[in-house]
Amino acid sequence: MSSSSTPNRRSFLARGAAIAAVPALATVAGGVLAEPAAADDTLPDYAPIPPSALGPAVNAQGYFVGRLEKNLYWVTDGTYQAAFLTTKDGVVLFDAPPSIGHNLQRAIDEIASANGVSNKVTHIVYSHHHADHLGASSLFGRHVVRVGHTETKRLLARDNDPTRPVPDLTFETRRTLRIGGERIDLAWHGTNHTPDNIYIHLPNHDTLMLVDINLPGWVPFASFNINEDVPGSIAAPAKALTYPWKHYIGGHMGRTGTRKDMVVYQQYVADLIDGVKKALVAVDPTPFFTKYGVNTWAAVKTYQDAQVDYAAAPVIKKYTGVLAAADVYTASTAFLILESVRLDSGVGSQVHP
């Protein structure tokens, strides 16, 4: 098991390889890849990543596996995360990201060999239905028991993706699994990132897994992690903190989190909400609608761009060096929060006289 905590060149190569999990960045013209842009001429510069955001180095095969507590382990490729619990009856796997892929079994084999326990995966617990977290589920065969929310089963049946078999066991609000003498508490506390995203609590291992809400050490991915329910996602960290836990698995990036990470994340989001509410009052729409006249979308776009800049700029300044990529994705997150504050909370809405 790798024990290094210093990022190395291999870590960065692994992170680069992980972009295969999102749409291809290369452009295709006439079936031939276009020439790549010169990095020093056209690509923007961003603030350095704070060392606190980076996790341990991955090994030669592109993964790191480490112990969280007792017989609970986590595995990462630097961009995605999964976890697994070794038991006397086999292994319980939590999510199966395709970017980690066959390295999931390799990580399990490594731990099982070192500890003299079974390497057979008997259960997979699904955090939610998204393919980037479940797309390697089919690698574990048909005889694994898959567990998820009832909405996860419905959405996966709709998507009809053979890499993500539907759950065999489902639940509505709460379910406690007892597998191989271990306890796993599953709960659904309402929609957040998706309608089916659940809280996975291992009380005997001081660990909570809640995917795609807080990415410890980093700001959210584009547009507030592409959250489907913004108010629900804003409320999720407070619900997470009602559980007793020491270790947090957020599903992304190269390290696990702490309760302090959750509090920092909450403050980041609160600062954006505060900035958005101020922007709704402070930014005058008149010059935008005067300039663009009947081109309503041009007026709306430039007006909202100005509101986003007003709200995001102080937050970017405050969190640069605290949360990685604050200057990369804060503006897109501010836009989604702006729309939620307007449409969900009704702030700034005016009734025509």
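None of these values were measured; they are calculated from a predicted model. Per-chain numbering applies: the sequence of each chain, read as written, is numbered from 1 onward. Only residues with pLDDT of 70 or above have their local features reported here, since the model is predicted, and side-chain atom pairs are shown and tallied only from 80 upward, although totals for entire chains, interfaces and linings are computed over all residues. Hydrogens are left out, water is left out, and the side-chain values use all remaining heavy atoms of the structure.

**A few points about the nonpolar core**
Threshold: Among the buried residues, those of types Ala, Val, Leu, Ile, Met, Phe, Trp, Tyr and Cys that are joined through side-chain atoms within 4.5 Å form a nonpolar core. Accessibility here uses a 1.4 Å probe with only protein chains present; expressed as a share of the type maximum, an area under 20% marks a residue as buried, one over 50% as exposed, and anything in between as partly exposed. Where helices and strands are cited, they refer to DSSP runs of H or I of at least four residues and of E of at least two residues respectively, numbered from the N terminus. Whether two residues are in contact is decided by their heavy atoms: any pair within 4.5 Å suffices.
The biggest cluster of nonpolar side chains holds 43 residues, and the ones touching the most others in it are Trp 218, Tyr 268 and Ile 337. Going through the elements one at a time, helix H7 (230–241), helix H8 (259–282), helix H10 (296–319) and helix H11 (326–343) are the ones with two or more residues in this core. If you tally residues by element for this core, the top one is H8, at nine residues. Not counting the four nearest positions on each side in its chain, Ile 337 is found in contact with Phe 224, Val 269, Leu 272, Ile 273 and Val 276. If you look at the next biggest cluster of nonpolar residues, it comprises 23 residues, including Val 65, Ala 107, Ile 108 and Phe 140.

**Quick look at the sheet that holds strand E7 (residues 121–125)**
The criterion, for reference: What makes two strands pair is DSSP finding at least two bridges between them. Axis lines are fitted to C-alpha atoms, over the contacting stretch for helices. Their N-to-C directions set the angle, which ranges from 0 to 180 degrees.
Spatially, seven strands are ordered E3-E4-E5-E6-E7-E8-E9 in an open sheet, and the strand pairing comes out mixed. Every other strand in the sheet has two partners, leaving strand E3 (64–69) and strand E9 (169–171) as the edge strands with one partner each. Strand-to-strand twist in this sheet, taken as the mean axis angle between neighbours without regard to direction, amounts to 20 degrees. Across three bridges, the pairing between E7 and strand E8 (residues 145–149) is parallel.

**Some remarks on the pairing of strand E6 (residues 90–94)**
Cut-off, in case you're wondering: Handedness of a crossover is defined as follows: with both strands directed away from the viewer, a clockwise route from the first strand across the helix to the second makes it right-handed.
Taking burial as the measure, the five residues of E6 include five buried ones, the bulk of the element. As paired elements, strand E5 (residues 81–87) and E6 share five bridges and run antiparallel to each other. Bridging from a neighbouring strand, Phe 84 pairs with Leu 93 of E6. Hairpin geometry of E5 and E6 is characterised by an intervening segment of two residues between the two adjacent antiparallel strands. Here four bridges tie E6 to E7, and the two strands are oriented parallel to one another. Across the sheet, Phe 94 pairs through a bridge with Val 125, a residue of E7. In this fold, the crossover linking E6 to E7 by way of helix H3 (residues 103–115) has right-handed handedness.

**Things to note about the packing of H10 against H11**
Note the cut-off: Under this scheme an angle from 65 to 115 degrees is roughly perpendicular, one under 35 degrees roughly parallel, and one over 145 degrees roughly antiparallel; angles in between are oblique. Helix crossings fall into two classes, left-handed where the near helix is turned counterclockwise from the far one by less than a right angle and right-handed where it is turned clockwise. Throughout, the ten residues Ala, Val, Leu, Ile, Met, Phe, Trp, Tyr, Cys and Pro are labelled nonpolar, Asp, Glu, Lys and Arg are labelled charged, and all others, Gly among them, are labelled polar.
Contact geometry for H10 and H11: axes closest at 8 Å, N-to-C directions at 130 degrees. For the element pair H10 / H11, the angle class is oblique. In the packing of H10 onto H11, the handedness of the crossing is right-handed. For the pair formed by H10 and H11, the contact residues are Gln 304, Gln 307, Val 308, Ala 312, Val 315, Ile 316 and Tyr 319 on the first element and Ala 326, Asp 327, Thr 330, Ala 331, Ala 334, Phe 335, Leu 338, Glu 339 and Arg 342 on the second. Taken together, the residues of the contact of H10 with H11 break down into ten nonpolar, three polar and three charged.

**Some remarks on unusual backbone geometry**
Even without a glycine there, the phi angle at Phe 224 is positive, about 60 degrees. One can find Phe 224 in helix H6 (residues 222–226). You will see that Asn 225, though not glycine, has its phi angle at about 60 degrees, which is positive. In this structure, Asn 225 sits in helix H6. Relative accessible area serves as the criterion here: at 4%, Asn 225 is assigned to the buried category.

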